[in-house]
Structures are given as C-alpha cells and as structure tokens.
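Residue strings, one per chain:
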2 protein chains.
Amino acid sequence: MKNMHKNSFIAFALVCAMVFTTTAACVADPLPSWNDGKAKRSIIEFVEKVTKQGSPDFVPPAERIATFDNDGTLWAEQPMYFQFLFALDRVKALAPTHPEWKDKEPFASLLKGDLKAALAGGEKAMLEIVMATHAGMTTTDFEQVVKDWLATAKHPNFNRPYTECVYQPMLELLAYLRANGFKTFIVSGGGIEFMRPWTEKVYGIPPEQVIGSSIKTKFELRDGKPVLVRLAEINFIDDKTGKPVGINEHIGRRPILAFGNSDGDQQMLEWTQAGLGARLMTLVYHDDAVREFAYGADSKIGTFSDVLLAEAKKNGWTVISMKNDWKRIFPWE
Amino acid sequence: MKNMHKNSFIAFALVCAMVFTTTAACVADPLPSWNDGKAKRSIIEFVEKVTKQGSPDFVPPAERIATFDNDGTLWAEQPMYFQFLFALDRVKALAPTHPEWKDKEPFASLLKGDLKAALAGGEKAMLEIVMATHAGMTTTDFEQVVKDWLATAKHPNFNRPYTECVYQPMLELLAYLRANGFKTFIVSGGGIEFMRPWTEKVYGIPPEQVIGSSIKTKFELRDGKPVLVRLAEINFIDDKTGKPVGINEHIGRRPILAFGNSDGDQQMLEWTQAGLGARLMTLVYHDDAVREFAYGADSKIGTFSDVLLAEAKKNGWTVISMKNDWKRIFPWE
C-alpha cells in the first residue's frame, strides 16, 4: 500500500472502531449490580456530562480524579475494621516471642480472648496493639505478613477471605470510571501499607493511587543492603480533616468525584464540592441487615451521624441505600 | 457491514497500524539530543530489554517506575536553586506589608541586596526566608503566586523563563520512557507545591507523580468554604535518606530506573538498585562550563562528592557527561 492509501485506510478503520465501541457501550449496562433509580442515574449522568466533548461540563481526562474511602465504601468494615482483626491475629501469632505480654495490658486480656477488657484502655490500648503489630520490621517484611494473613484469614460472618468481602457494585463503578478516563484513588483512614499489597489485584487500583494513614519509616543499610524500617511513630492520620490534606499531598489535584460512607469522609466530600465545575459527592448508607450489616449514627465503626446526614441533604450529596440501590452486594452472591 | 466482517476489518487495520507504528519507531532516533556513546546505549538497551515480551528481564508496564531528581537533573540549579531565587523575589514583593523586616535579619540584609550577610545566619536564616515566603497562605493562593512568578521571572545568566532552563535530552528521555509504558515520577528535594503548577506542561509529569519536600497544611473552613492553609512547619524533607522514604510513601513500589545528579540522590539510586531484576541507575555530571555550568565536589549546590563518584563506580551506575554525552543542552539552542 502506498502511504496515502494506508493512512486513509487506517483513518477509516479507526472511525469504524470508534462507532463500534460507542454502540457497544450504549447497549451494555456498565453498572449491572445497581438497581435503576436516582443513585445510579446520578452517577451515569455525571460521567456522561464530564466526558462529552463540547459539553459545558467537560473535564479533560487528566483532571478526572475520583477518590474512594475504603472501609465501608469499597469493602465491609463490620464487625470490626479488618485491619484491626489483622492486628488481633498478629498479637496471637507474635505472643510466643513476647513472653512479657502475659502480664502486660492490653496484650494479657487479648491473649485470654477478652477483647472488651483489652480495649478498656481506650485509644492508648488500640495504639499499643497497632504499633506492636505494625512497626519494628522492614516494609518488605510487613508486606509479606499482610499477604500471608489475607491468604488464609476469613471473615467471621461470611467465612470468606477478606478480599472477597468487597462490594460488587463498587467494583463495577471503579471499572466504569476508568473506562471513561477517570483515575481512581483510595483515600482511607486505614493503613496505606496494609492496603497496597492487594488493591491492584482486587480493585484495579495501583499502590501509587492509594492514600492512607501511615507510621514513619527510616532508611537503613543492613549488611550493605538498603531497607526501610517501620517505626512506632505516627506519620499521618488520613481521616476527617486529614483526607483533604492527604489528597493534596499525594494527588495535588482536587477530585471531581468522591465516595465515602461515614463521618470520616465529610471533609473529603466538602473539599471535592468546593472546586469549580461539575462534581459528584456520594455516601454509601449501610441499611441492609440481611445481606450485609445495618448501622449508622450509633455505630462506633463507620459512624454515619445525623450531622453528616444533614450535610448531605444541605449540599445535595447522593446517599446510596445498600438495601434499595444495590441488586447484589458481594461478588459471590 | 455485518459484525464478523466489521471485526475482521478492524483487526486487519489494527495490525497495519501496529506495523506502521513499529516501523516508524525503529527508524526515528528517540533521543536525538544525545550523542552516540555508552550512556545513550545503556539507556536504550535497558528500555529494550525490560519491554521485550519473553525476555528474562521483561517488566510488566505497571512496574515500570522511573524516578527523576529535578534540580540539576531535569532543569538547571545554578547560580542558585530556582526555588530560592523565587523566595528572594517574594521577600522583595512582600516587603511593603512587612515593615518590621527593615530591622530584622535575614530580611534587612536581603532587602539591601546583601545576600552574603543575609545568609550568614546559615540554615536558620534560610528556613526563615522559606517560611516567610512559602507559608501563611492557602494552597490555591500559593499555586497562583508560583505561576505568576514563573510567567515573568528570568534566569540571570540565560535571560530565559526558568521553565525553559530544562534539559532537552531529559525531555526526550521522559517522552521515550512513557512511550515505552514507563510511569515517570519526580523525586526532588525541592518543594512539592513549587513544582506541581508547571511539571505537567513542561515535563508531561502530572501533579500526582511529583514527590518533594513539603510544609504541613491544615484544613479550615473560611466563610463556609474549605481551604488548606500552609503552615510554617516542616512536613517532610525529600532528600538523601528521605528519597526512598518519599518514594515508598507516595509510590509504594520500587523504581527500576532512577536518575539524579548529586549527593542528595545517592540513597534513591541505592534503593532502586536493591530491587530484583534489571535496573538502571544514572547520574548527570555538570562539566560543561561553556553551555551550562561546571561544578562538582566543591559546589554547595548540587554537590557531586568523591564519595558519590566512588559509589557510582563500585555499583556500576552510569555517569553522564553533559559536555560529551549531550548534543544539545537547552531546548532553545
């Protein structure tokens, strides 16, 4: 083929391919696990208007930043944050090398199986448990510990690996957004290094797009080999007012879409909404005691307070009812 | 067209397009501003082997992380770090609203034009200048200040905007790596929010792929509108042992290619090299007093010490001579 012919031919084929793709996208439902209704419609309308060339709401792909909370938004968080269940398992696993824990709270009570007594020490006790199980090793070793735990541990209610206790409608939403040029980020109060070993495989979100709480690390040479050692010192708490700070530090751009489920997400949604142009702010509400859990203002984990509900109403944020808006909750259903 | 016909047609066209693209890539030199030699060859050989399907050194695209220092590696850093020149200009601009600076060091000397006297106060004086010019405003306001400065300020030697004082061979390298599926990151001792307003336009590196030093920020509601206020408190120093820490925190994956130019980059290169599989570590050496600047072990800015040189030799890192390896240094040449 001569060049001119070849170029015309390619151009023609590309147009065909585009038409074909568009047609297919119109026919297939990108969110099959979502019931038809206001929530689903608000998502699709938003994506269509920000991706439509020439629309007054058009947003260039580079600026299509979408941020998601993790616990209670992408995967379950009851009966306890999964990372805390991980910490409890680690206390048991590490107990043989810590004989002093037999007489030291909160470990003594934990090892006797008395969680309530262990947590009577409040935040200080929680922090001691977290640091004893999350610090002191290299980042590489910690990653392996997380992977090993996830490979064997099972959710107490569902008897499934924790990485299967993720919400099918949200997996579809993440894929739908990425297919429309969005960059999807996690912005979680959970530990950044507890999430990174598995988010790419489970959510399609690579480690560099995961933001979370962290402890400090220190560069060291061990036998001439560089390592990063995890220190028992808080580096950053990525919750409430920390979420916009974390977003700014890691992304440096304001999201145009943000998804959360609890009081910890309020400031992320406010920060998202305060930008110029079209925005979508959404909260998942856990109201399905049959298929998952029902909890709200009175829950210590994933609190959805009346203040948050009032904010959502005032600001026009979409509140998703898991019971009514989701046809399916978990991938295995 | 019926579906089967259309599909065959598209498949055929895509194959044609691929052949066409591959041929063009083989013919054109991706690094035209690099002289043929060991440095250029080592880069191309590395990229070819990690991107070749089936090669023992093949690296999946998601893991093709490349990190670059900024000052002295992607743009110039003499006669002073550009960010410090920005700070000096800001002191002058802000002086009318700070009458107390007339009698307060280091500002008093600075405003008299006596930089040496101003910097006699060492690190403490430097920090005071940085905080007085970088903190106290919102992130949005600071971004605008940086943009405004870059739009008018000119390099004292080259009489060009600072964003033109970037190295043409490195621009080509960044584009070449991205065309080969690499994700390019900046890992700089410079301020993260001083770089982000322009790196996408100048280097093609989006804000979320910029890592740097930072001050703390605080979420606040001002007239009901959320803002992030920049505080006069160090958050993170992304230099020397801080670089692997910053890479781990922001990327969560180890680079397979790292580029630096000074002692501040040694640990980033060590960290990169310590991973499994093929690696490329490179240092830019400033030895061209005619076209740019010549400096090394004795320079306070961008120190390239004998220790670093010895490390480079011992570890097989590539050292690039700007004089010999680069055909062209700046885009305007």
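Everything below is about the structure shown above.
Bear in mind the structure is a predicted one, so any value in this text is a computation, not a measurement.

A.B. asks: Help me out: how do you make sense of the packing of helix H10 (residues 242-250) of chain B against helix H11 (residues 266-273) of chain B in this one?
C.D. replies: For any two helices packed against each other, the geometry comes down to the angle between their axes and how far apart the axes lie. All names here are of chain B. As a packed pair, H10 and H11 sit with axes 7 Å apart at the nearest point and diverge in direction by 55°. Considering their axes alone, H10 and H11 lie oblique with respect to each other. Counted together, Lys 243, Pro 244 and Ile 247 of H10 and Gln 267, Met 268 and Trp 271 of H11 form the full contact between these two elements.

A.B. asks: I would appreciate a short explanation of the sheet that holds strand E6 (residues 280-285) of chain B in the present structure.
C.D. replies: Pairing between sheet strands relies on hydrogen bonds along the backbone, with the strands arranged either parallel or antiparallel. Read from one edge of the open sheet, seven strands run E4-E3-E2-E1-E5-E6-E7 (chain B), paired in mixed fashion. The strands lining the two open edges of the sheet, one partner per strand, are strand E4 (225-236) and strand E7 (318-321) of chain B. Between one strand axis and the next, the sheet turns by 30° as a mean value, whatever way the strands run. In terms of strand pairing, strand E3 (residues 210-222) of chain B meets E4 of chain B through eight bridges, oriented antiparallel. Within the sheet, the bridge partner assigned to Phe 219 of chain B lies in E4 of chain B and is Leu 228 of chain B. Seen against the sheet, helix H11 (residues 266-273) of chain A touches E3 and E4 of chain B and runs at an angle of roughly 110° to E4 of chain B.

A.B. asks: For this particular structure, what's the right way to read the pairing of strand E5 (residues 257-260) of chain B?
C.D. replies: Every regular strand shows the same layout, with side chains that alternate between the two sheet faces. Residues and elements named next belong to chain B. Covered by surrounding structure in E5 are Leu 257 and Phe 259 together with Ala 258 and Gly 260, the residues of both alternating faces. Examined bridge by bridge, strand E1 (residues 65-68) and E5 share three bridges and lie parallel to one another. Within E5, the residue paired with Thr 67 across the bridge is Ala 258. In this structure, E5 lies alongside E6, joined through four bridges in parallel fashion. Within E6, the position partnered with Gly 260 by the bridge is Leu 283.

A.B. asks: Mind showing me how you'd approach the pattern of salt bridges here?
C.D. replies: Any two side chains of opposite charge can pair if their charged atoms end up close together. According to the stated counting rule, one finds 32 salt bridges over all chains in the structure shown. Residue Glu 208 of chain A pairs with Arg 253 of chain B through a salt bridge whose shortest N-O separation is 3.1 Å. Of this pair, Glu 208 of chain A sits in the loop between helix H9 (192-203) and strand E3 (210-222) while Arg 253 of chain B sits in the loop between H10 and E5, each in a different chain. For Glu 208 of chain A, a relative accessible area of 9% corresponds to the buried category. For Arg 253 of chain B, a relative accessible area of 13% translates into the label buried. Arg 291 of chain B is the salt-bridge partner of Asp 288 of chain B, the closest N and O atoms lying 2.7 Å from each other. Judged by its relative accessible area of 23%, Arg 291 of chain B falls in the partly exposed class. Through salt bridges that share partners, Lys 183 and Arg 253 of chain A together with Glu 200 and Glu 208 of chain B make up one connected network.

A.B. asks: Would you explain empty space enclosed by the protein in this entry?
C.D. replies: Any space left empty among the atoms is revealed by the rolling of a water-sized probe across them. In the structure shown here, the tally under the stated rule is three cavities of 30 Å³ or more. Surrounding the largest cavity, Glu 249 of chain A together with Ile 192, Gly 212, Ser 214, Phe 236, Glu 249 and His 250 of chain B form its lining. Secondary structure elements with two or more residues in the lining of the largest cavity: E3 and H10 of chain B. For the lining of the largest cavity, the per-class residue count stands at two nonpolar, three polar and two charged.

Definitions and cut-offs
- Residues numbered from 1 in each chain as written.
- Chains lettered and ligands numbered in written order.
- Predicted model: local features only at pLDDT ≥ 70, side-chain atom pairs only at ≥ 80, totals over all residues.
- Heavy atoms only, no water.
- Axes fitted to C-alpha atoms, helices over the stretch in contact; angles between N-to-C directions.
- Helix = DSSP H or I, 4+ residues; strand = E, 2+ residues; numbered from the N terminus.
- Parallel < 35°, antiparallel > 145°, perpendicular 65-115°, else oblique.
- Contact = heavy atoms within 4.5 Å.
- Pairing = 2+ DSSP bridges.
- Buried < 20%, exposed > 50% of the residue type's maximum accessible area, 1.4 Å probe, protein only.
- Salt bridge = Lys/Arg side-chain N within 4 Å of Asp/Glu carboxyl O.
- 1 Å grid on protein atoms, 1.4 Å probe; cavity = no way out; pocket = protein on both sides within 12 Å on 5 of 7 lines; lining within 4 Å.
- Points joined across faces, edges and corners; volume = space filled by probe spheres on them.
- Nonpolar A, V, L, I, M, F, W, Y, C, P; charged D, E, K, R; others polar.

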